[in-house]
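Secondary and tertiary structure notes
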Amino acid sequence: MRLQLSEVEAKQAELQTRLRELEENLKPENIEHSLAGVGSTHPEELREQRRRQLEIERNGVQAQLDLLATSHTRLERAIAQADADAYRQSAAPARGPSINAGPAAAESSGAASVPARQRRLKKKRARKLRRQHRPY
């Protein structure tokens, strides 16, 4: 999510730069300067056409910036929520083995050692009985 956030921020910076360029190009003197080499019997129509093109592009860039701002806010919230969840998990008191714990947790709790203990006790009793009933 942090990687996505940095990508969104980079794209926002790029689009803001482009928006500033478009705003500068929309100034009447810059429109006229951009059409200086073009000859026409109706230069006002060319200027108006150029202004409309620049405004359409500016509106598209602004719409993209608005979408990115929404994504930026959403990602920041998601990161904050993930950080809070991670903190809560790390601050929670340790409990016994959970249900999701594998067989390693069961072995460490002593559940698997009960049958082994019973076998040892049986063997010990059997040896004791044999010693008592041995003929000398």
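Fair warning: this is a prediction, and the values are worked out from it, not measured in the lab.

**Quick word on the overall build of the protein**
- Secondary structure assignment for the protein yields 5 helices and 0 strands.
- Ordered by position in the sequence, the α and β elements of the protein form the string α-α-α-α-α.
- Scored against the burial criterion, the 136 residues of the protein give a buried share of 12%.
- Here the analysis covers contacts within the protein between residues at least 6 apart in sequence; of these, 72% occur between residues at least 24 apart.

**A few points about the side chain of His-72**
- Structurally, His-72 is set in helix H3 (residues 43–91).
- Contact partners of His-72, with chain neighbours within four places excluded, come to Leu-5, Val-8, Glu-9 and Gln-12.

**What about the nonpolar core?**
- Core analysis: the largest hydrophobic core is formed by 14 residues, its most contacted members being Leu-15, Leu-54, Val-61 and Leu-65.
- When contributions to this core are tallied by element, the ones reaching two or more residues are helix H1 (2–25) and H3.
- For this core, the leading source of residues is H3, giving 6 residues.
- Beyond its immediate sequence surroundings of up to four residues, Leu-65 is in contact with Gln-12, Leu-15, Gln-16 and Leu-19.

**Examining H3**
- Taking 1.5 Å per residue, 49 residues should reach 72 Å; H3 reaches 71 Å between its end C-alpha atoms and fits that length.
- When H3 is considered as a whole, its buried residues turn out to be Leu-54, Val-61, Leu-65, Leu-68, His-72, Leu-75 and Ile-79.
- The inward-facing, buried residues of H3 abut H1 and helix H2 (28–34).

**Remarks on the packing of H1 against H3**
- Closest axis-to-axis distance for the H1/H3 pair is 9 Å, and the angle between their directions is 155 degrees. Classed by the angle they form, the pair H1 and H3 counts as roughly antiparallel. Taken as a pair, H1 and H3 cross one another with a handedness that is left-handed.
- A per-class count over the contact of H1 with H3 returns 12 nonpolar, 8 polar and 9 charged.

**Considering the pattern of salt bridges**
- Overall, the coordinates contain 9 salt bridges when judged by the stated rule.
- Across the pair Arg-51 and Glu-55 runs a salt bridge whose closest N-O atoms are separated by 2.6 Å. With Arg-51 and Glu-55 both in helix H3, this residue pair falls 4 residues apart, about one helical turn.
- Judged by relative accessible area, Arg-51 falls into the partly exposed class, the value being 26%.
- A relative accessible area of 25% means that Glu-55 is categorised as partly exposed.

**Brief notes about the side chain of Gln-12**
- For Gln-12, the location among the structural elements is in helix H1.
- With residues up to four places along the chain from it excluded, the contact list for Gln-12 reads Leu-65, Leu-68, Ala-69 and His-72.

**Quick word on the confidence of the model for the protein**
- When pLDDT is averaged across the protein, the result is 83; 82% of the residues are at 70 or more.
- The element-level mean pLDDT for the protein is lowest in helix H4 (residues 103–108), coming to 51, with H1 highest at 95.

**Some remarks on H1**
- Look at H1: 35 Å from first C-alpha to last across 24 residues, which is about the 34 Å you get at 1.5 Å a residue.
- Turning to H1, the residues buried within the fold contact H3.

Reading the values: the criteria
The residue numbering used here restarts from 1 in each chain and proceeds along that chain's sequence as written. Selection of residues for local features in this predicted model requires a pLDDT of at least 70, selection of side-chain atom pairs for listing and counting requires 80 or more, and totals for whole chains, interfaces and linings are taken over all residues. Each side-chain value is worked out from all heavy atoms of the structure, with water and hydrogens disregarded. Strands are runs of DSSP state E lasting at least 2 residues, helices are runs of H or I lasting at least 4, and numbering of each runs from the N terminus. Burial classification: accessible surface area is computed with a 1.4 Å probe over protein chains only, and a residue below 20% of its type maximum counts as buried, one above 50% as exposed, and the rest as partly exposed. Residues are treated as being in contact if the distance between any of their heavy atoms lies within 4.5 Å. In this text, buried Ala, Val, Leu, Ile, Met, Phe, Trp, Tyr and Cys residues form a nonpolar core when linked through side-chain atoms within 4.5 Å. Given a helix with a known number of residues, its expected span is that number minus one, times 1.5 Å. Throughout, an axis means a line fitted to C-alpha atoms (over the contacting stretch in the case of helices), and angles, computed between N-to-C directions, take values from 0 to 180 degrees. Angle categories are assigned with fixed cut-offs, so that under 35 degrees is roughly parallel, over 145 is roughly antiparallel, 65 to 115 is roughly perpendicular, and the rest are oblique. Two helices cross in a left-handed way if the nearer one is turned anticlockwise from the farther one by less than a right angle. They cross in a right-handed way if the turn is clockwise. When residue character is reported, Ala, Val, Leu, Ile, Met, Phe, Trp, Tyr, Cys and Pro are called nonpolar, Asp, Glu, Lys and Arg charged, and the others, Gly included, polar. For salt bridges, the criterion is a side-chain nitrogen of Lys or Arg within 4 Å of an Asp or Glu carboxyl oxygen. Confidence of the predictor at the level of single residues is given by pLDDT, which spans 0 to 100.

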